[in-house]
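In case you want the letters, here they are:
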Amino acid sequence: YEFADVLATIGRFYNNAQLGPEINEYGHALIPRLNEIYPYIYIWRQDDRAVPKLTNYIGWETKVHTKPRLISLARHLVWNRKVEIHSPELLDEMGFFVQSVSDAGYVSYEAAPGHHDDRVLAWMISVKISNDESFGGHAIEVSNRGVEAQQRNDSMKSDTEWAGIRDRKNSVIDEIRDWA
């Protein structure tokens, strides 16, 4: 309950910034209070539709089918040098944000044992909701020639990603270094 007051204060300090609280677990408890005292809260979108649709839900919920969207956008932004990461702590966490494949073949991303991924997830959520609010404003239009070159580059990156999945050992920061 008190954390909602802290978030609202921080949001007002940053010129009424949009807040995107993760609503998993305890996040559900802060939403009613935050909604009472602060108007600029991310509204969940159904972006798995032909036309993304606003819902009646506020906040971000990280689930099995939403986490890959976060990772995909974050990789896209990093690969294409559309973001700069200035936080050494975030970079450190990214170094231990690893991909794992279950015996059944399911791919997941999480902190390596003994490490945390709170900063990584918070950063990915923030770039996702920012991208939603700007209607994909991070995407840059390129010429047809540029599109063809980008497709070739994306194909090479995809091959590298599949090799990492196959080997089950690359951390996200290792992949970023490989693609940078």
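Keep in mind it's a predicted model, so treat the numbers as computed, not measured.

Reading the values: rules and limits
Residue indices begin from 1 for each chain and proceed along its sequence in written order. Totals for whole chains, interfaces and linings use all residues, but because this is a predicted model, local features are given only for residues with pLDDT of at least 70 and pairs of side-chain atoms are given and counted only at 80 or more. With hydrogens and water excluded, all non-hydrogen atoms of the structure serve as input to the side-chain values. Planes of paired rings set the category: under 30 degrees apart is stacked, over 60 is edge-to-face and the rest tilted, where pairs are Phe, Tyr or Trp rings (Trp by its six-membered ring) whose centres lie within 6.5 Å. Salt bridge, as applied in this entry: a Lys or Arg side-chain nitrogen positioned within 4 Å of an Asp or Glu carboxyl oxygen. A helix here means a DSSP run of H or I that spans at least four residues, while a strand means a run of E at least two residues long, and both kinds are numbered starting from the N terminus. Summary of the burial criterion: residues with accessible area below 20% of their type's maximum are buried, those above 50% are exposed, and those between are partly exposed, where the area comes from a 1.4 Å probe applied to protein chains only. Here the term cavity refers to a set of points on a 1 Å grid, laid over the protein atoms alone, in which a 1.4 Å probe fits but cannot get out; the term pocket refers to an open set having protein on both sides within 12 Å along at least five of seven lines, with lining residues being those that place an atom within 4 Å of a point. Grid points are joined across faces, edges and corners, and a volume is the space filled by probe spheres set on the points. Under this grouping Gly is polar, as are all residues other than the nonpolar Ala, Val, Leu, Ile, Met, Phe, Trp, Tyr, Cys and Pro and the charged Asp, Glu, Lys and Arg. In predicted models, pLDDT denotes the confidence assigned by the predictor to each residue on a 0 to 100 scale. We call two residues in contact whenever any of their non-hydrogen atoms come within 4.5 Å of each other. Take the buried residues of types Ala, Val, Leu, Ile, Met, Phe, Trp, Tyr and Cys, join any two whose side-chain atoms come within 4.5 Å, and each joined set is a nonpolar core.

This part covers the packing of aromatic side chains. Going through the model one piece at a time under the given rule, you end up with five aromatic pairs. Ring geometry for Tyr38 against Tyr40: centres 5.7 Å apart, planes inclined by 80°, an arrangement best described as edge-to-face. Members of the aromatic cluster, each reached through a chain of ring pairs, are Tyr42, Trp44 and Trp60.

Turning our eyes to something else, we now look at the pattern of salt bridges. Working definition: two side chains of opposite charge can pair if their charged atoms are close together. Within the structure shown, the criterion is met by five salt bridges. Residue Lys63 pairs with Glu61 through a salt bridge whose shortest N-O separation is 3.7 Å. When the shortest N-O distance is used, the salt bridge between Glu93 and Arg119 registers 3.3 Å. Residue Glu93 is found in helix α4 (residues 88-95), and its partner Arg119 is found in helix α5 (residues 118-133); the two are separated by 26 residues along the sequence. For Glu93, a relative accessible area of 9% translates into the label buried. Its relative accessible area of 43% is what places Arg119 among the partly exposed residues.

Let us look at the layout of surface pockets. It is the rolling of a water-molecule-sized probe over the atoms that shows where space remains empty. Roughly 910 Å³ of volume is contained in the largest pocket. As for the largest pocket, its lining consists of 24 residues, and the residues nearest its centre are Gly20, Pro21, Glu22, Ala122 and Ile125. Listed by contribution, the elements that provide at least two residues to the lining of the largest pocket are α1 (2-13), α2 (27-37) and α5. With nine residues, α5 is the single largest residue contributor to the lining of the largest pocket. When grouped by side-chain class, the residues that make up the lining of the largest pocket number 11 nonpolar, eight polar and five charged.

This next bit is on the confidence of the model for the chain. Residue-level pLDDT values for the chain average 79, and 74% of them are 70 or greater. Here helix α6 (residues 144-167) stands out as the least confident element of the chain, with mean pLDDT 48; α1 is the most confident, with 94. Contacts for the low-pLDDT stretch residues 138-158, under 50 throughout, to residues beyond four places or in other chains number 13 contacts.

Turning our attention to the nonpolar core. Membership of the largest hydrophobic core comes to 20 residues, with the highest contact counts inside it found for Trp60, Leu70, Phe97, Val120, Trp123 and Met124. At the level of secondary structure, the elements contributing two or more residues to this core comprise α3 (67-79), α4 and α5. Considering each element in turn, this core owes the most residues, seven residues, to α5. Not counting residues up to four positions away in its chain, the partners in contact with Trp123 are Ala74, Val78, Val83, Ile85, Leu90 and Met94. Ranked by size, the runner-up nonpolar core spans 11 residues in total, among them Leu34, Tyr38, Ile41 and Ile58.

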